[in-house]
4 protein chains.
Amino acid sequence: MAGSTFGTIFKITTWGESHGKALGVVIDGCPAGLKLCEDDIQQYLNRRKPGTSSITTPRKEDDSVEILSGVFEGRTTGTPISLMVRNTSQKSGDYSEIASFYRPGHADYTFDEKYGFRDYRGGGRSSGRETIGRVAAGAVAAKILKQMGITVFAYTRSIGPVHADMEHFDRDAVFSTPTAMPDRKASDEAVAYLEEAKKATDSVGGCMECIVEGLPAGIGDPVFEKLDANLAKAVMSIGAVKAVEIGDGCAVSGRKGSENNDAFRMNDGHVIKATNHAGGILGGISDGSTILVRAHVKPTPSVFLTQETVNKAGEEINVNIKGRHDPIIVPRAVVVMECMTALTVLDAMMVNMSAKLDSLIDFYTPAK
Amino acid sequence: MAGSTFGTIFKITTWGESHGKALGVVIDGCPAGLKLCEDDIQQYLNRRKPGTSSITTPRKEDDSVEILSGVFEGRTTGTPISLMVRNTSQKSGDYSEIASFYRPGHADYTFDEKYGFRDYRGGGRSSGRETIGRVAAGAVAAKILKQMGITVFAYTRSIGPVHADMEHFDRDAVFSTPTAMPDRKASDEAVAYLEEAKKATDSVGGCMECIVEGLPAGIGDPVFEKLDANLAKAVMSIGAVKAVEIGDGCAVSGRKGSENNDAFRMNDGHVIKATNHAGGILGGISDGSTILVRAHVKPTPSVFLTQETVNKAGEEINVNIKGRHDPIIVPRAVVVMECMTALTVLDAMMVNMSAKLDSLIDFYTPAK
Amino acid sequence: MAGSTFGTIFKITTWGESHGKALGVVIDGCPAGLKLCEDDIQQYLNRRKPGTSSITTPRKEDDSVEILSGVFEGRTTGTPISLMVRNTSQKSGDYSEIASFYRPGHADYTFDEKYGFRDYRGGGRSSGRETIGRVAAGAVAAKILKQMGITVFAYTRSIGPVHADMEHFDRDAVFSTPTAMPDRKASDEAVAYLEEAKKATDSVGGCMECIVEGLPAGIGDPVFEKLDANLAKAVMSIGAVKAVEIGDGCAVSGRKGSENNDAFRMNDGHVIKATNHAGGILGGISDGSTILVRAHVKPTPSVFLTQETVNKAGEEINVNIKGRHDPIIVPRAVVVMECMTALTVLDAMMVNMSAKLDSLIDFYTPAK
Amino acid sequence: MAGSTFGTIFKITTWGESHGKALGVVIDGCPAGLKLCEDDIQQYLNRRKPGTSSITTPRKEDDSVEILSGVFEGRTTGTPISLMVRNTSQKSGDYSEIASFYRPGHADYTFDEKYGFRDYRGGGRSSGRETIGRVAAGAVAAKILKQMGITVFAYTRSIGPVHADMEHFDRDAVFSTPTAMPDRKASDEAVAYLEEAKKATDSVGGCMECIVEGLPAGIGDPVFEKLDANLAKAVMSIGAVKAVEIGDGCAVSGRKGSENNDAFRMNDGHVIKATNHAGGILGGISDGSTILVRAHVKPTPSVFLTQETVNKAGEEINVNIKGRHDPIIVPRAVVVMECMTALTVLDAMMVNMSAKLDSLIDFYTPAK
């Protein structure tokens, strides 16, 4: 089926493989009148670039975005915005050997089962490079949200056994450490841990979080289109994510109701919550508190140890994967989580506009 | 927006409130020729009925399903199947008091913010009774899956601090204990724990799991329609679920790649995996192993302790919720998780049928 | 596939067969706060009732609607509105003979080919009774549009060779003649023509039109979701419709550009068009003029003359259809066209609300 | 809203403006294993190229397609196919004048009303160049259909008052005359008529038809997703189309049932119809006969006569449009109609695959 489209009104369709000619995204349903230039998008793409520290792959990916349509005289026109990044440094030769067998932890086997064969170069469509389209589109969504006073912000919560100290949250550290952790000390420890893993030709998992601040109450739809359900889908759709939590997440299953309920309070004429175990969502609808989503990411499956697997001929073999791979996925995936969250929240706001009859009538009869 | 529809080809639309006239579901896209009678569905609805033990609400909900359309001479016709359950024992009087304030942990406040007002009787559309439509539809999906040799099975993994022993999995216990745990000893402990919580007028959270056996490899679509992404949405959309894990879930964030990768093996001519950390899904596509989904469910928000909240007039007040409520949600939600999983898997199989050109051509040129 | 759902935000799902237990519709995405009672809907359903004149079937269809959900204290809550009409006077015995053969002009053969078998009673899902759900939902859409000053109005343009005089349009005649023609004289002629056809055990085709007044400019989306494209789909989906025209429709293919272009003018500070060949739509987007849609409806396929056909055994046979059928479909289909148009227009207005960035920002930051 | 996506399983998303950097389409859901190269697509694009005769614009549009993704080693992989055509010969200078006023018959005014402003260069997104994406995607759909023995074929039926003689249908003439008429004599007359209109700086309307041969019975879904309803939408969404007919279309409204019903016959063990007034569709589902769709296209709105209109300042003005425009749209739109029809039919076939339970079970249990 068609699995590359996301969203109802702010709808994106991504395309492209790791080693194809290019990757990109079409954003359809972007409101008209947004000031938009390539640099707005490039800033987000740069955050997912590798090659910037010892803990990312030394591969150079010079991902320059080009706006092909939908922007006229510096503003979006309301028609589809086509964004493209040409593949430049991908060498197909690196990957030819893996065509014949199934790498453990990768999608090689499942793609072959589904489609009969696969573009084996660098993982093809299942490569992390697929997220270029998500990030390019998310940059546009985030820019719109910002203009409504809504910020979406993701960071690394933990790497292997090293957890960031959330009590002394250091926002700047997210952008300046190679780990994207909000804690410089933990980041240093994590880097040391990663370098050891790398020496052992192994890889490491991690956890990332995303918060949304400034979102009004009332966003999200009951039953199947709950805001948390759509966030779970959005985040779980990022390759290597194996668990998604909202608010206190897994911890709630060990709790009493008296501990877990958030009391409502008044603050300066507004309803607030005394605590936020719920992560800003009640009954699938935003409650005006900070939205908090957490994702657990598996270790990079490309480890350089000898692994057991099978080949296309149905023989059990031992393999040693070569190439240049990140020892951890999380620091580069943080911006992807941020973008998927922004896309989900913005789309939910758009579909919410006719929830009240009065709002609909006022919208179309402004003179009254 | 319209949030009550789920699925692409096997598409369901649920409707109804806790204290309205009736609740139901329309299943559109069910294949023609399935033998279906009310009892097929009733069996599933009975599993979510309360009043069967000390740990569920003493409310009697006599939920009898009626097939209104889509079945002719005992078989589905391919046209919409409308299923309805009349509300019989709901007493609106019980709830009139809560109209004026926002219960902590419930969707009262967010519904008011979204829609301007709400049907406050028993939670209205945000009530657990909303799941009647999901379960009725899921029963049909599960019946179809069974005919293809695919079973979907959910159970309680933990209640508060009490965890089932998964080494000695007792399938029968799931159907015969009040906890739906696959472990009679743990179930007894959990019942004792729940009774204590009930005495303290408190409630308890828990964890449930669902496994899918017999699903062929190749189901699920890359990028946004990954099987795990859709399972995450399906399960997170169940009220009170705050976290969803696939396979080893959260545990992967603390692991090394060498521990987490599942080696491929050959078994009697088929590719299998030596372990199943992945939970049966690689790159969003089923790999032929058992699918495993886990959900963490918060404690019932209706606790009978005094709670702080605000009323519609914007005043901070103390409230004592009355009524008859389950001290735990999980045992009755297990069948809902099973049904949402069945719906997701069946729909993914249907949309997958044209993934290979050869399959499409063969389908329409059977003579060849 | 699931073919019974229509709309993106104002989304309806219909269900039910001619001779099943009931028929109905679920409206999901209706704004909260609309005053709605059963009589609002019943009035529309009454317009499609037969048995009111010599030119409709003498069958009695006492279609009483019941609101099952989504309305609380007389107002819509924003959650799904479930509407049901019980079948009461359908006698399955009348139809048993037709189970074995394919009626010319009906969907008997195609349903059997698609689904393997069919509910043959009264046409099952392909019966005109299927439109009950459309009309019930359309009544709600029309009520909302009226509150925004938008009226949707359909009538019979011609019956066989008898055309209404559009120069002397008589709106009242539409509601008081058995033909729904806006011209009493033409209506009388048409009745005479129909009675003659009926005597000859034959049936007659006709043409109907629908106009939308008060719709603001700017509604509809470019490319595939053009307002005229969605109107064409909505109206062509009504059984027996074989052609749809917008504005001057077919006539444009014989014209010069100089004749067909509508000049723009100013009127009291507003842009208007000097003529309306375009039928109120330019580039798929409403232009502020009256929307005009026309539909050509085939004669009732149930004629009582001897007809050639084949049976399920693959034998060529002669058949004489029995039963009670309308000699013409149009007068009862007029309200169906009106409802499909209302549903299309309202949904287009809802999805349009975020077309301009300024509108989106203003919507969520009203304090500015 | 997002109006640039079409289809459920074979889903396309088009993008690009007349004078932007490029135009293109993303095809998502194309089956894996199709042999596909740029020339397959280029052949279709060449059929919509202008500049090939006296009756098309002398503008040169050198539309070379590039496959950017989704094809590996000459075959589709099942992942999104991104197709792009760079704009090369568009000169924005030609159009600057029209920025200030609304051309009659064009979408200038409605785009401004919807979005607040517009890309006025060459019509922007409402230009006929938008169809490049449709044709590129349709070429792929048509190639798949051909492999199942299904052909889709469109041609010009009439130009102004000149109608092709359908009794002596000349298929070759469609590809070799400048009019795409299946009748060389009529084509010559039409060319003479067009040259006269051109001299008078006027333009001309026309009618085109599309037939689908080889489609099995049983394709299309009841109620809203009827095959004819989706064809009507697909074809009406082509700019300048103002009416869509299926089979005998408008003519049915003047007919008797005894004339209009198609008798069923047996032919070599297969059910066929003695006539095909229905145009191959009964109850919204294909009946195995030839599908016939007809579209009426308005004259090119860009005429060079003086026209009355208004400008953005709200003043009534006279304008003389300049530029190079086709005096008729139809001959170049024929391939667009063919492509939209192919896309609709293929998608309907894909969503139909699970209509029967037996087919679904057989598909997933081939060993049986």
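Residues numbered from 1 in each chain as written. Chains lettered and ligands numbered in written order. Predicted model: local features only at pLDDT ≥ 70, side-chain atom pairs only at ≥ 80, totals over all residues. Heavy atoms only, no water.

Colleague: In this structure, what is going on with the packing of helix α6 (residues 227–236) of chain B against helix α8 (residues 330–351) of chain B? I would like to understand it.
Modeller: When two helices pack together, their arrangement is captured by the angle between the axes and the distance separating the axes. Residues and elements named next belong to chain B. Where α6 contacts α8, the axes come no closer than 9 Å and their chain directions differ by 145 degrees. Seen along the crossing, α6 lies across α8 with a hand that is right-handed. Packed against α6, whose contacting residues are L227, N230, L231, A234 and V235, the element α8 presents M337, M340, T341, T344 and A348 at the interface. (Axes fitted to C-alpha atoms, helices over the stretch in contact; angles between N-to-C directions. Helix = DSSP H or I, 4+ residues; strand = E, 2+ residues; numbered from the N terminus. Left-handed = near helix turned anticlockwise from the far one by under 90°. Contact = heavy atoms within 4.5 Å.)

Colleague: Help me out: how do you make sense of the pairing of strand β18 (residues 316–319) of chain A in this one?
Modeller: A regular strand places its side chains on the two faces of the sheet in alternate fashion. Residues and elements named next belong to chain A. Bridge analysis of strand β17 (residues 307–310) against β18 gives four bridges, and the strand direction is antiparallel. Residue pairing across strands places V310 opposite E316, the latter belonging to β18. Remark: five residues form the turn of the hairpin made by β17 and β18, two consecutive strands paired antiparallel; G314 in that turn has positive phi of roughly 80 degrees. (Pairing = 2+ DSSP bridges.)

Colleague: What am I meant to see in the sheet that holds strand β9 (residues 162–163) of chain A here?
Modeller: Within a sheet, adjacent strands bond to each other through the backbone by hydrogen bonds, running parallel or antiparallel. Strand order across the open sheet formed by ten strands is β9(A)-β8(A)-β10(A)-β16(A)-β11(A)-β11(B)-β16(B)-β10(B)-β8(B)-β9(B), with antiparallel pairing between neighbours. The outermost strands of the open sheet, each flanked by one partner alone, are β9 of chain A together with β9 (162–163) of chain B. Where strand β8 (residues 151–159) of chain B lies against β9 of chain B, two bridges are found, and the strand directions are antiparallel. Looking at the pairing, I159 of chain B lines up with V162 of chain B of β9 of chain B.

Colleague: Just to check I follow, could you spell out the environment of G33 of chain B for this structure?
Modeller: Along the chain, G33 of chain B falls in the loop between β3 (22–28) and α1 (38–47). Between the C-alpha atom of G33 of chain B and that of T290 of chain B, which follows or precedes it by 257 residues, the distance is 28 Å. Setting aside residues up to four positions removed in sequence, G33 of chain B forms contacts with R75 and T76 of chain B, F117 of chain C together with L357 of chain D.

Colleague: Even after reading the chapter, I still don't get the sheet that holds strand β2 (residues 11–16) of chain C, so can you show me in this structure?
Modeller: Residues and elements named next belong to chain C. Reading across the sheet, the five strands line up as β1-β2-β3-β7-β4 and stay open at both edges, with antiparallel pairing between neighbours. On the outer flanks of this sheet lie β1 (5–6) and β4 (65–67), each paired with one strand and no other. Two strands pair when backbone bridges link them, and β2 and strand β3 (residues 22–28) are joined in this way by six bridges, in the antiparallel orientation. When the sheet's bridge partners are listed, T14 is paired in β3 with V25. Where helix α1 (residues 38–47) meets the sheet, its contacts fall on β4 and β7 (81–86), and the angle it forms with β4 comes to roughly 150 degrees.

Colleague: Looking at this structure, I do not really get the interface of chain B and chain A. What am I missing?
Modeller: Where the parts come together, the accessible area they lose is often given as the size of the interface. Contact with chain B, which involves 101 residues of that partner, is made by 101 residues of chain A. Both faces considered, chain B and chain A share a buried interface measuring about 8,300 Å² in area, 62% of it formed by carbon and sulfur atoms. Taken together, the links from chain B to chain A amount to six salt bridges. Two residues, K114 of chain A and D221 of chain B, come together in a salt bridge whose shortest N-O distance is 3.5 Å. In this assembly, chain B and chain A are joined by 49 residue pairs in polar contact (both at pLDDT 80 or more). Here the side of chain B that touches chain A is composed, by residue class, of 45 nonpolar, 33 polar and 23 charged. In the sheet, strand β11 (residues 241–246) of chain A pairs with strand β11 (residues 241–246) of chain B via three bridges, with the strands oriented antiparallel. (Buried area = accessible area lost by both parts, 1.4 Å probe. Salt bridge = Lys/Arg side-chain N within 4 Å of Asp/Glu carboxyl O. Polar contact = N/O pair within 3.5 Å; in protein donor to acceptor, adjacent residues only side chain to side chain. Nonpolar A, V, L, I, M, F, W, Y, C, P; charged D, E, K, R; others polar.)

Colleague: What am I meant to see in the side chain of H296 of chain C here?
Modeller: Here H296 of chain C is to be found in strand β16 (residues 291–297). The buried category is assigned to H296 of chain C, whose relative accessible area is 8%. Residues contacting H296 of chain C, with those up to four places away along its chain left out, are G206, C207, A240, V241, K242, A243 and E245 of chain C together with G249, C250, V252 and S253 of chain D. (Buried < 20%, exposed > 50% of the residue type's maximum accessible area, 1.4 Å probe, protein only.)

Colleague: Is there a simple way to explain the relation of the copies chain B and chain A in this structure?
Modeller: Both copies of the chain are related through a single rotation about an axis accompanied by a shift along the same axis. Laying chain B over chain A is done by rotating through 180 degrees and shifting 0.0 Å along the axis; what remains is an RMSD of 0.0 Å. Here the two chains are linked by the operation of a two-fold rotation axis. Judged by C-alpha distance, K233 of chain B is the residue of chain B that lies nearest the rotation axis, at 2.5 Å. Interface residue correspondence from chain B to chain A reaches 100%, placing this contact among same-surface, isologous pairings. (Least-squares fit on C-alpha atoms with pLDDT ≥ 70 in both.)

Colleague: Help me understand the packing of aromatic side chains, please; the structure alone is not making it clear to me.
Modeller: Counted according to the given criterion, the structure contains 44 aromatic pairs over all chains. Here F153 of chain B and F169 of chain B contribute two aromatic rings whose centre-to-centre distance is 6.2 Å and whose plane-to-plane angle is 65 degrees, an arrangement assigned as edge-to-face. Pair noted here: F153 of chain B is in strand β8 and F169 of chain B is in the loop between β9 and α4 (171–176), with a separation of 16 residues, a long-range link. With centroids separated by 6.3 Å and ring planes inclined at 65 degrees, the aromatic side chains of F264 of chain C and Y102 of chain D adopt a geometry described as edge-to-face. Of this pair, F264 of chain C sits in strand β12 (residues 264–267) while Y102 of chain D sits in the loop between β7 (81–86) and α2 (108–115), placing the two residues on different chains. Here F264 of chain C matches Y102 of chain D in class, with each residue buried. A network of ring pairs unites the aromatic residues F153, Y155, F169 and F175 of chain A as a single cluster. A cation sits over an aromatic face here: R171 of chain A above F153 of chain A, 3.8 Å from the ring centre. Residue placement shows K114 of chain D over the ring face of Y115 of chain D; its charged tip is 5.7 Å from the ring centre. (Phe/Tyr/Trp six-rings, centres within 6.5 Å; stacked < 30°, edge-to-face > 60°. Lys NZ or Arg CZ within 6 Å of the ring centre and 35° of its normal.)

Colleague: What is the right way to look at the side chain of D287 of chain C in this model?
Modeller: By secondary structure assignment, the location of D287 of chain C is in the loop between β15 (285–286) and β16. A polar contact of 2.5 Å, which involves the side chain of D287 of chain C, links it to the side chain of K273 of chain C. With sequence-adjacent residues up to four places away left out, D287 of chain C is seen in contact with A217, K273, G280, I281 and L282 of chain C together with Y109 and T110 of chain D.

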